[in-house]
Amino acid sequence: MASYKIVYLSKKEIESMCINSLDIMQWVETAFKEKYFKTVEIPPKPGIHPSNGTFIHAMPAFIQKFDAVGIKWIAGSALNPLKNLPYLTGLIILNDPETGLPISIMDAAWITAKRTAAVSAISAKYLARKDSETISIIGCGVQGRSHLEFLSLVLKNLKKVSVFDIVFERVLEFENFVQKNFGLEVRKSSSPGEAVQGSDIIVTATPILKNPKPVGRIEWVKNGGLIVPLEFDSYWLPETFSKVDKIYTDDIEQLKYYQTLGHFPSIKKVDGELCELIVGRIEGRVDDKEKIMALNLGLAISDIIVAKKIYEKALAKNLGLSLEYNM
Ligand SMILES: NC(=O)c1ccc[n+]([C@@H]2O[C@H](COP(=O)([O-])OP(=O)(O)OC[C@H]3O[C@@H](n4cnc5c(N)ncnc54)[C@H](O)[C@@H]3O)[C@@H](O)[C@H]2O)c1
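Reading guide: rules and limits
Residues numbered from 1 in each chain as written. Predicted model: local features only at pLDDT ≥ 70, side-chain atom pairs only at ≥ 80, totals over all residues. Heavy atoms only, no water. Helix = DSSP H or I, 4+ residues; strand = E, 2+ residues; numbered from the N terminus. Rg over C-alpha atoms; globule rule 2.2 N^0.38 Å. Contact = heavy atoms within 4.5 Å. Areas by Shrake-Rupley, 256 points an atom, 1.4 Å probe, with all protein chains shown as cover. Lys, Arg positive; Asp, Glu negative; His and termini not counted. Charge placed at Lys NZ, Arg CZ, Asp CG, Glu CD. Near = heavy atom within 4 Å. Polar contact = N/O pair within 3.5 Å; in protein donor to acceptor, adjacent residues only side chain to side chain. Phe/Tyr/Trp six-rings, centres within 6.5 Å; stacked < 30°, edge-to-face > 60°. Buried < 20%, exposed > 50% of the residue type's maximum accessible area, 1.4 Å probe, protein only. Pairing = 2+ DSSP bridges.

Details of the overall build of the protein chain
When helices and strands are tallied, the protein chain shows 10 helices and 16 strands. In terms of C-alpha radius of gyration, the protein chain reaches 19 Å, essentially the compact-globule figure of 20 Å for 327 residues. Summarising its shape, the C-alpha atoms of the protein chain cover approximately 65 × 40 × 40 Å along the three principal directions. Restricting to contacts in the protein chain with at least 6 residues of sequence separation, those with at least 24 account for 72%. Accessible surface for the protein chain amounts to roughly 15200 Å². Of this, 54% is attributable to carbon and sulfur atoms. Measuring between centres, the 40 positive side-chain charges of the protein chain sit 2 Å from its 38 negative side-chain charges.

Shown next as structure tokens:
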């Protein structure tokens with residue numbers, strides 16, 4: 001019986017590789033360029049819902065230029081934080097493009113945190129005011145932290161971060177994180193409306209809920225503000241999605257698919273896709289007054305490109321646990 005080795009990379013091992021965030025952003029941007037030229041395959045992600053408030057999505061992708069082939073199997077559970085578990089957990093499997101054989105299994109949580117923030121930061125390059133100084137983070141968890149990290153790489157005038165979370169302890173942890181890693185002023189707010197007021201960029205990173213009670217209001221957002229919602233339509237009131245001056249997404253087909261499932265009923269038109277902004281096919285922000293939304297629902301191309309690069313680096317450094325695979 002033939003056998004060969006699969007490389008397993010844990011979250012700890014991936015973290016220990018100290019992957020450069022600017023590299024991640026560049027890999028992700030390249031994957032989106034490939035999407036524009038239609039040299040990628042990203043079928044709509046199927047999902048299952050094994051218990052109330054829990055989803056598991058299968059996210060396959062192929063990026064031809066990089067021979068990057070794989071699937072992310074990612075779960076989100078609203079109850080996990082109560083059990084002291086992360087909201088999102090999962091694995092990525094990479095495959096050989098020719099034989100289809102699995103070549104690596106790795107943690108998906110770290111990659112998800114970084115690639116999501118990288119996509120938002122790339123969006124901000126085209127859609128935020130160039131002179132943006134303030135950012136609001138609503139939901140001070142994993143994505144809140146990675147978003148501050150990546151957005152600060154593209155917004156060079158950033159001075160202040162305004163934060164809100166329903167769990168005050170999360171706000172204090174976030175403040176500590178900002179003070180340790182960034183020279184930014186932190187404003188702790190007692191309500192989301194207060195946190196958003198006057199901000200150039202607003203990231204909402206709260207859970208996706210089965211029966212959401214949205215609270216976010218377009219009136220909170222100043223002229224020239226960029227809204228980056230990560231939780232589909234769980235946080236912002238439905239009219240927000242139609243009252244912004246412009247709305248961009250990572251994949252219009254995917255957005256339409258979610259509309260067939262009942263999400264985003266008020267969105268009648270989208271101004272374009274992120275890949276079109278990246279290749280210069282369409283314009284993003286044209287003046288300092290527009291209220292814009294970057295509604296990126298998550299694409300597997302950004303996971304699989306980052307996973308492939310991590311796999312190559314791990315091979316070069318002889319990292320990871322070798323698992324035997326028999327045929
Ligand atoms: N679009 C994408 O590609 C993508 C990718 C990854 C994650 N996400 C989404 O990002 C969101 C955040 O994920 P995470 O891993 O950071 O979760 P997390 O559990 O680490 O953080 C969520 C935070 O939100 C806080 N919170 C909950 N309800 C709130 C409310 N009503 N107001 C303010 N704060 C509230 C929680 O206390 C927690 O601190 C999730 O909805 C997740 O599905 C989207």
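Here's the deal with the site of the ligand
In the region of the ligand, 26 residues are neighbours, and R115, V142, Q143, D165 and T206 sit closest. Q143 is positioned with one of its backbone polar atoms (N or O) 2.8 Å from an oxygen atom of the ligand. Within the backbone of N296, a nitrogen or oxygen atom sits 3.0 Å from a nitrogen atom of the ligand. A total of 870 Å² of accessible area belongs to the ligand in isolation, and the protein chains cover 86% of it. Sorting the residues of the shell around the ligand by element identifies α3 (109-127) and α4 (142-154) as the ones contributing at least two each.

Some points on the packing of aromatic side chains
Within this structure, the stated rule accounts for 10 aromatic pairs. Between Y36 and F37, the aromatic rings sit 5.1 Å apart at their centres with planes inclined by 85 degrees, giving edge-to-face as the arrangement. Considering the side-chain rings of Y235 and W236, the 6.1 Å spacing of their centres and the 75 degrees angle between planes classify their relative orientation as edge-to-face. Judged by its relative accessible area of 0%, W236 falls in the buried class. Within the aromatic cluster, the residues linked to one another by ring pairs are F232, F241, Y257, Y258 and F264.

Let's talk about the environment of K156
Residue placement: K156 occurs in the loop between α4 and β9 (160-164). At a separation of 2.8 Å, a polar atom in the side chain of K156 contacts the main-chain carbonyl oxygen of L153.

Some points on the sheet that holds strand β11 (residues 201-204)
The strand order β10-β9-β8-β11-β12-β15-β13-β14 describes an open sheet built from eight strands, whose pairing is parallel. With partners counted over all chains shown, the strands left at the sheet margins are β10 (185-188) and β14 (272-273), one partner each.

Points about the environment of A78
Considering the arrangement of structural elements, one finds A78 in the loop between β5 (68-77) and β6 (88-95). Put simply, A78 and L261 are 183 residues apart on the chain and 20 Å apart in space, counted from C-alpha to C-alpha. When sequence neighbours within four positions are dropped, the list of residues in contact with A78 reads G53 and Y87.

Worth remembering: the numbers are spatial, not functional.
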